[in-house]
Amino acid sequence: MVTGAVWTHARPSAAMLAAFEADPSLEALRMDFTATLEEMPATLIAGTLARTEG
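Residues numbered from 1 in each chain as written. Predicted model: local features only at pLDDT ≥ 70, side-chain atom pairs only at ≥ 80, totals over all residues. Heavy atoms only, no water.

Caption draft 1: A look at the overall build of the protein chain. Regarding its fold elements, the protein chain presents three helices and zero strands. Moving toward the C terminus, one meets the helices and strands of the protein chain in the order α-α-α. The C-alpha atoms of the protein chain give a radius of gyration of 15 Å, which is well past the 10 Å a tight globule of 54 residues would have. In terms of its C-alpha atoms, the protein chain occupies a principal-axis envelope of roughly 45 × 25 × 15 Å. Looking at the 54 residues of the protein chain, the share that counts as buried comes to 7%. In the form shown here, the protein chain has an accessible surface area of approximately 4,400 Å², with 63% of it arising from carbon and sulfur atoms. (Helix = DSSP H or I, 4+ residues; strand = E, 2+ residues; numbered from the N terminus. Rg over C-alpha atoms; globule rule 2.2 N^0.38 Å. Buried < 20%, exposed > 50% of the residue type's maximum accessible area, 1.4 Å probe, protein only. Areas by Shrake-Rupley, 256 points an atom, 1.4 Å probe, with all protein chains shown as cover.)

Shown next as structure tokens:
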């Protein structure tokens, strides 16, 4: 499920690509598919650990 959501967001539409080009500050919102998938398990584990310790 996560992979499908990340894939959708990591492949911006032509309009979003134009927005990224027009306003470079929007690049911070651009999602890299591979990096996001690599970070996702760490984020889920950290959240789970924080929840069980608190």
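More follows now that the structure is in view.
Caption draft 2: Region of interest: the confidence of the model for the protein chain. In this model, the protein chain carries an average pLDDT of 92, and 98% of its residues clear a pLDDT of 70 or more. Of all helices and strands in the protein chain, the one with the weakest mean pLDDT is helix α1 (residues 2-10) (91), whereas helix α2 (residues 14-22) scores best (95). (pLDDT = per-residue confidence, 0-100.)

Caption draft 3: Representation of the pattern of salt bridges. All told, the structure shown has one salt bridge when counted by the stated rule. One salt bridge in this structure joins Glu27 and Arg30, with 3.5 Å as the shortest N-O distance. Here Glu27 falls in the partly exposed class, since its relative accessible area comes to 37%. (Salt bridge = Lys/Arg side-chain N within 4 Å of Asp/Glu carboxyl O.)

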